[in-house]
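# Tertiary structure, described
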Amino acid sequence: MKTSINKVTLQGFLGSNPEIREFAQDKSMARVALATNERYKDSQGEMVEETQWHNLVFWGKWASFAGLNLKKGLLVNITGKLVNRQYVDKDGVTRYVTEVTVSSAKVIEKQRKGK
């Protein structure tokens, strides 16, 4: 059987400080959004910048890393895998979410330029 790969590498700016959750038996999780930007010329020749937001989820030691080292505005490089999940909200509506479960992270730039 041939294997397949689910691997994502992103570099972008954090949109907020991580939200940390602690669970029983020393389990922890952190969530934060990452913005990536793309620039291109539209059909009229004007430069356009588009921002995509990516939901990141850190578990265990990486959640601890996120809590200690990640802050809003930092430029970070992450590697992980895409995870799709669904849940039913309080109104009974089924919601679908795509997240990146982080397997490694590195701070590239301590402060965003211009701040």
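Further up the page is the structure itself.
Presented here is a report on the structure given in the accompanying data block. (Residues numbered from 1 in each chain as written. Predicted model: local features only at pLDDT ≥ 70, side-chain atom pairs only at ≥ 80, totals over all residues. Heavy atoms only, no water.)

## Side note on the packing of aromatic side chains
Where we set the bar: Here the aromatic set is Phe, Tyr and Trp, taking the six-membered ring for Trp, and pairing holds for ring centres within 6.5 Å; pairs whose planes are under 30 degrees apart are stacked, those over 60 apart are edge-to-face, and all others are tilted. In this description a helix means any DSSP run of H or I spanning at least four residues, a strand means any run of E spanning at least two, and both kinds are numbered starting from the N terminus. Classification of residues uses two cut-offs on accessible area relative to the type maximum, computed with a 1.4 Å probe and protein chains only: under 20% is buried, over 50% is exposed, and between them is partly exposed.
For the structure shown, the criterion picks out two aromatic pairs. Ring centres of Phe 23 and Trp 59 lie 6.2 Å apart, and the angle between their planes is 25°; on these two criteria the pair is classed as stacked. In this pair, Phe 23 is assigned in strand β2 (residues 19-23) and Trp 59 in strand β4 (residues 47-59), connecting sequence segments 36 residues apart. Using a relative accessible area of 39% as the deciding quantity, one classes Phe 23 as partly exposed. Trp 59 sits in the partly exposed class, given a relative accessible area of 43%. Ring geometry for Trp 62 versus Phe 65: centroids 5.3 Å apart, planes at 70°, classification edge-to-face.

## Section: the side chain of Ser 28
To be explicit about the condition: Between two residues, a contact is recorded if the distance between any of their heavy atoms is within 4.5 Å.
For Ser 28, the location among the structural elements is in strand β3 (residues 27-41). Residue contacts for Ser 28: discarding those within four places in its chain leaves Arg 21, Glu 22, Phe 23, Phe 58, Trp 59, Gly 60, Ala 63 and Ser 64.

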